[in-house]
Amino acid sequence: METTVNLAPEPAILVSTKLAKPIASPSFAPHGAIPQPHLVSSMRKRPIPTRRFIKPSFTSLIEKKRDGQEFTQEEIRYIIDSTLDGEMPQHQQAALLMAIYFANMSAQETAILTEEMMLSGEVIDLSHISKPKIDKYSTGGVGDKTALVLAPLAMASGVVVPMMCGVEQEFVITTLEKLSAVPGFKSHMTIPHFVDQLARVGGAIAEQSPELAPADQIFYDLRLETGTIPSLPLITGSVLSKKLAEGAEGLVIDVKWGNGSFIKDLEQAKQLARSMTRVGRSMKRRCVALVTDMNQPLGDTVGTALEIKEAIALLKGEGPEDMKELVLKLGMEIVRLAGVAGSTLSAKQTVQRHLTDGSALEKFKDMIKAQGGDVSYIDHPEKFPTAKHIRKLPAPKRGYVHTINAAMIAKGVSLLGAGKDPAHHNKIDYAVGVSEIKKVGTQVKQGEPLMMIHYNDEAKLEQALNFFKDAYRLAPKRPIPPPLVVERVA
C-alpha cells in the first residue's frame, strides 16, 4: 500500500479504491473557503499475478455456479473487474445472477462479494470524526418513516449518522421523496459536502452517491430486469457494500417481511438478517438486525407530507403506538451499538429522553436547514400542502379487521399521485395519501371509516379505490395481531 500524502492540512475525507486523484474541487467550499486538492492512496488490491490465476471463461464461471460450486476470491474479483470494465457481456452477467439466485452463495463467498463490490468505487474515510458512526437500513416498508425519526434521535444521542438512501421497491415511497415535501430540501450532495455536513451537524440523509460501489449499481439494474432481486447473497452484498463504503462503523438493519415487503416468507427474512450480520462482522463492523412485521402499514399514515407530519409528531414524543415501539427498539440498538449506552435500561432511557425533551426535533431541524430545507415547515407542520378532498373508506360490514395488504394500500396511494413515476416524469403530489388507518384487530361497525383518503383528482381516486377496498379483510372474530418485532439477530 502506498503512503498517504497530505497536500493540505484538512483531515482525510475519502479513500479511493482506484488511482490516486484529487477529490476536492472549488465547486464545493464549506464556509466559503476553496478546498485544496487532497491526494489519497490507492486501496485497490494487487492485480492477480498471471502465474497464480489463469482467467477463466465467463461461460465456465456461470456453469460452476449453476452446478452449486463455490467461487474463489480471485474469481469473484475477476467477475467484479470484468463487470466494471464492460468485458463481461450483459447477457452473461444476467445468466450469472440467475445462477447465483438458484444455487446461492456460501457465507464466505457473500463476504468476499460484498468486500469486492465495496472496493469497486470510493470508500469514505470518517476517521477524523471522533464520534461513533452508525447507520440504519431498512429493506423498505409501507408507511415506514422511522429513518426520519431515528437519524435525528441518534444525532441527539451523540451518534453521527451517515445515511445515503438508494432505490426501494417500486410501490414504496422513499425517505428522500418524503423529505422532498419540505420546500428547498436538497438530497443530492457531493461526497466532500456529505462529509463536511457529518462533521458539522452530525448527520445527513442524502442520495446514494454513484461513486460508491458502482459494481453494485450495474448488478442492481440487471437484477431488476432479471427477477433476481430476492436473492439473499445479492441483497446482502448490495446493501452492505454501499453502507460500509459510506464510512459507517456499525449498522442497524430493519429486515421487513410480509405482504408489504419483497420478502414474503418469515424464514427467508430471518436468513437475510443472519446473512447481513454475519457478513458485517466478518468485515469488522458492528451489526445488529431486527426482523419486523410488514403485513400492515406502519403508523397511521401513508403519503409524503402526511408521513413527514407524523414523523414530526413522533419527534415530540407523540404519534401512533406501533411507530413509537419500533423507533424505541431500533433507537436502543443504535445507541448500544455506538457505545453511548451500555445496558438495555440505559439505552431505553437515552432514547426516551431525547424524544421527549425536544433535542431530537432540534437535530432534525439542524439537518433540514443544512440541506437547504425551510425549517418553518417543521415548526409549523400545518404549512404543508393539504388535499382538496378527504373521503372515508367505509367498512362494508361489521367485524374485526382481520388482514390488511400493505402493498395494495401503497399502490393505491401511488395512484393518487404520492409517488414519482419515472416513466411519465410526473411530479409528486405531496398532499395526497391516506390517514387514520384502522389496524389489524380493530373492531369496526358497518360504514365506519377504515381509513381517510386525501386526494385532489377524482379520476385518480376511482383507480385507487379498488386497491384500498381489496386491501382489507374483515372477520367476525378478533384476530391476534402479529408481533411488530419478530426476532433480534446480533
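Within each chain, residue numbers correspond to sequence positions counted from 1 in written order. The predicted nature of this model means local features are confined to residues of pLDDT at least 70 and side-chain atom pairs, given and counted, to a pLDDT of 80 or more, with totals for whole chains, interfaces and linings taken over all residues. Where side-chain values are given, they derive from all heavy atoms of the structure, hydrogens and water being excluded.

A. Representation of the overall build of the chain within the structure. A count of helices and strands for the chain gives 17 helices and 15 strands. Working definition: with a 1.4 Å probe on protein chains only, accessible area under 20% of the residue-type maximum means buried, over 50% means exposed, and in between means partly exposed. Counting all 490 residues of the chain, 57% fall into the buried class. The way it works is that DSSP assigns letters per residue, a run of H or I at least four long becomes a helix, a run of E at least two long becomes a strand, and they are numbered from the N terminus.

B. Spotlight on the packing of aromatic side chains. Any pair of Phe, Tyr and Trp rings, taking the six-membered ring for Trp, is counted once the centres come within 6.5 Å. Such a pair is stacked with planes under 30 degrees apart, edge-to-face with planes over 60 apart, and tilted for the rest. Under the definition given, this model contains three aromatic pairs. Pairing Phe58 with Tyr78 gives two aromatic rings, centres 5.7 Å apart and planes at 15 degrees, and the pair type is stacked. Taken together, the residues span a long stretch of sequence, with Phe58 in helix H1 (residues 58-66) and Tyr78 in helix H2 (residues 73-84) at a distance of 20 residues. Taking the relative accessible area as the measure of exposure, Phe58 reaches 12% and is therefore buried.

C. Structural detail: the side chain of Asp254. By the secondary structure assignment, Asp254 is in strand E6 (residues 250-257). Contacts described as polar in this section are N or O atom pairs within 3.5 Å, which, within protein, must combine one atom able to donate a hydrogen with one able to accept it, while residues neighboring in sequence count only if both atoms come from side chains. Only 2.8 Å separates the side chain of Asp254 from the side chain of Lys256, close enough to count as a polar contact. A distance of 2.5 Å separates the side chain of Asp254 from the side chain of Thr292, its partner in a polar contact.

D. A look at the environment of Met189. With respect to the helices and strands, Met189 occurs in the loop between helix H6 (175-179) and helix H7 (191-200). A relative accessible area of 8% means that Met189 is categorised as buried. Note on contacts: a residue pair qualifies if any of its non-hydrogen atoms lie within 4.5 Å across the two residues. Beyond its immediate sequence surroundings of up to four residues, Met189 is in contact with Phe194, Gln197, Ala206 and Gln371.

E. Looking closely at the sheet that holds strand E10 (residues 399-404). Taken together, three strands build an open sheet; the order of strands is E12-E10-E14 and the sheet is antiparallel. Among the strands making up the open sheet, the edge pair consists of strand E12 (443-444) and strand E14 (472-475). As judged from the two bridges shared by E10 and E12, these two strands associate in the antiparallel manner. Paired with Tyr400 across the strands is Gln443, a residue of E12. Those strands touched by helix H17 (residues 458-471) are E10 and E14, and its axis lies near 35 degrees from that of E14. For two strands to pair, DSSP has to find at least two bridges joining them. Between the N-to-C directions of two axes lies an angle of 0 to 180 degrees, each axis being a line fitted to C-alpha atoms and, for a helix, fitted only over the stretch in contact.

F. Local environment of unusual backbone geometry. Even without being glycine, Asn104 reaches a positive phi, approximately 70 degrees. For Ala213, which is not glycine, the phi torsion reads 45 degrees and is therefore positive. Relative to the assigned elements, Ala213 resides in the loop between strand E5 (203-207) and helix H8 (214-226). On the accessibility criterion, Ala213 (2% relative accessible area) is buried.

G. Representation of the pattern of salt bridges within the structure. What makes a salt bridge here is a side-chain nitrogen of Lys or Arg within 4 Å of a carboxyl oxygen of Asp or Glu, nothing more. Tallying each qualifying case throughout the model produces 25 salt bridges. For Lys65, the salt bridge is made with Glu109, and the minimal N-O distance between the two is 3.0 Å. Linking Lys65 in helix H1 with Glu109 in helix H4 (residues 107-118), this pair joins segments that are 44 residues apart in sequence. We note that Lys65, like Glu109, is buried.

Take it as geometry only, folks, not as evidence of what the structure does.
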